[in-house]
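# Overview (structure and organization)
What follows is the residue order along each chain.
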Amino acid sequence: MKEMAKGMLGGTVRPDIAFSDVRGADYDAVVIAGGTGSKVYLWDDKELRRVVREAHRQNKVVAAVCLSPVVLARAGCLDGKKEATVYPDPSAVRELKTAGARYVDRSVVVSGNVVTARDPQSAEAFARAVAGLLGRY
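What comes next is a walk through the structure. (Residues numbered from 1 in each chain as written. Predicted model: local features only at pLDDT ≥ 70, side-chain atom pairs only at ≥ 80, totals over all residues. Heavy atoms only, no water.)

## Considerations on helix H4 (residues 90-98)
Basically, it comes down to this: Exposed residues in this analysis have more than 50% of their type's maximum accessible area, buried residues have under 20%, and partly exposed residues fall in between, with area computed by a 1.4 Å probe over protein chains only. Every helix listed is a DSSP run of H or I at least four residues long, and every strand listed is a run of E at least two residues long, numbered separately from the N terminus. The contact criterion used throughout is that any non-hydrogen atoms of two residues lie within 4.5 Å.
Ser91, Ala92, Val93 and Leu96 are the residues of H4 that are buried. The secondary structure elements touched by the buried residues of H4 are helix H1 (37-42) and helix H3 (69-74). Among the residues trailing H4, glycine 100 stands out with phi positive, at a value near 100°.

Pasting the structure below:
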């Protein structure tokens, strides 16, 4: 779906590509933005989970911030991870634990090729962690 997307602060963007047309193998990383819309639009998106699983299986970087680490959890990327973080919403924390990760209330957690970040204040550290895994920082 390539409908106009609206952020929680009112910004809008038209996506360049639908999840159904994305192949995780074509990218060095899959990075998922967060925000309140994540629960509504991303948590249950099967195509997004497919992209994330495909990238993760090929040892690509997979990363998510705020409420979006739940997508990584539902895609199976957090199973066996020692630690992961997410915005401290009870349902999001429960999702991480159910997926086999140990939830920690930290700004950013890097576990292998998986990066999770807690909140908007973590954005810069999150970006640096992703860039570091890509060898660009």
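Alright, that's what it looks like, and here's the rest.
## What about the environment of valine 70?
Topologically, valine 70 is positioned in helix H3. Between the alpha carbons of valine 70 and valine 86 there is a distance of 7.7 Å; along the sequence they are 16 residues apart.

## A short note on the pairing of strand E4 (residues 61-65)
We count it as follows: Between any two strands, pairing holds if DSSP finds at least two bridges.
By the criterion of burial, E4 is predominantly enclosed, with five of the five residues buried. The alternating pattern of E4 places Val61, Ala63 and Val65 on one face and Val62 and Ala64 on the opposite face, and all of these are buried. Judged from the four bridges that link them, strand E3 (residues 29-32) and E4 form a sheet pairing that is parallel. Note on E4: the bridge partner recorded for valine 30 is valine 62. Here four bridges tie E4 to strand E6 (residues 114-117), and the two strands are oriented parallel to one another. Residue pairing across strands places valine 65 opposite alanine 117, the latter belonging to E6.

## Some words on unusual backbone geometry
Notably, asparagine 59 is not glycine yet its phi reads approximately 60°, a positive angle. Checked against the element boundaries, asparagine 59 lands in the loop between helix H2 (46-57) and E4. With a relative accessible area of 64%, asparagine 59 lands in the exposed category.

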